[in-house]
Amino acid sequence: MKKITSHLMLACFLAATAAPVLAQTLDTHFICSDIRKEDGDGERVNYADQGRFSLDKDKIKTFQWESSLFRTTHGFDCSIDESDGVQAEVTEKGWRVTLKDALAARAARGYDTERGNNCSIRLERDGDEVHIKPTCAVMCGSRNNFTALTVNAKTGACHYDE
């Protein structure tokens, strides 16, 4: 009986410690698009995003995201990938991805308009859903920010947040 109890306790311990480890890994890709009317009946705006995130705790294996917004006569884009000096920290809800040197990354992309010097992209897990919350205008050409969206980490299905 003691042996069964100790095995049961060990199994419970392993199960309890395995969940946080799984929660600290992410491997997903997505392609999203949506058409909206600005200000209700205004100009048609097309959103298009594609990306791939692969993180293991605070190690970034792959981080690539292109976020575009197209209007009738012109478009705006934001982009970020490993070559920009991305770094990750594990948070209670997922990850916070930042840049080692945001201004240098912006200059390397050839953007000539000042957009601040901060970049933070929060990846917050909720079951299979990953809420992508950007505050990273520095990696956008003439656009204010990447588009916030939610991705199913298993299927890659996504939708835009309001």
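What counts and what doesn't
Every chain is numbered independently, its residues counted from 1 as its sequence is written. Only residues with pLDDT of at least 70 get local features here, since the model is predicted, and only at 80 or more are side-chain atom pairs given and counted; chain-wide, interface and lining totals rely on the full set of residues. Computation of side-chain values covers all heavy atoms of the structure but excludes hydrogens and water. Comment: elements are numbered from the N terminus, with helices defined as DSSP H or I runs of at least four residues and strands as E runs of at least two. Strand pairing is defined by DSSP finding a minimum of two bridges between the two strands. Here the axes come from fitting lines to C-alpha atoms, over the contacting stretch only for helices, and the angles between their N-to-C directions go from 0 to 180 degrees. Whenever Lys or Arg places a side-chain nitrogen within 4 Å of a carboxyl oxygen from Asp or Glu, that contact is recorded as a salt bridge. Exposure is judged per residue with a 1.4 Å probe applied to protein chains only, and the accessible area is read against the type maximum: over 50% gives exposed, under 20% gives buried, and values in between give partly exposed. Put simply, buried Ala, Val, Leu, Ile, Met, Phe, Trp, Tyr and Cys residues joined by side-chain atoms within 4.5 Å make one nonpolar core. Any pair of residues with heavy atoms lying within 4.5 Å of one another is described as a contacting pair.

For K57, which is not glycine, the phi dihedral falls at a positive 55 degrees. Here K57 lies in the loop between β2 (44–56) and β3 (59–70).

So, on to the sheet that holds strand β4 (residues 75–81). If you trace the 4 strands from one edge of the open sheet to the other, you get β1-β2-β3-β4, paired in antiparallel fashion. The outermost strands of the open sheet, each flanked by one partner alone, are β1 (25–37) and β4. Geometrically, the sheet is characterised by an average inter-axis angle of 0 degrees between neighbouring strands, direction not taken into account. Pairing geometry for β3 and β4, over 7 bridges, is antiparallel.

What follows concerns the pattern of salt bridges. For the structure shown, the criterion picks out 10 salt bridges. Note that R71 is salt-bridged to E43, the shortest N-O span being 3.3 Å. Here R71, found in the loop between β3 and β4, pairs with E43, found in the loop between β1 and β2; they are 28 residues apart in sequence, far enough to count as distant. Take E43: its relative accessible area is 30%, and that puts it in the partly exposed class. For D56, the salt bridge identified is with K57, shortest N-O distance 3.9 Å. For D56, a relative accessible area of 26% translates into the label partly exposed. Taking relative accessible area as the criterion, K57 reaches 37% and is therefore assigned partly exposed. Connected through shared salt-bridge partners, D81, D84 and R109 make up one network.

Attention now moves to the nonpolar core. If you look at the biggest cluster of nonpolar residues, it comprises 34 residues, and the most contacted ones within it are I80, L123 and I132. Sort the elements by how many residues they give to this core and β2 lands first, with 4 residues. When sequence neighbours within four positions are dropped, the list of residues in contact with I80 reads F63, Q64, W65, V86, L99, R109, C119, I121, C136, M139 and F146.

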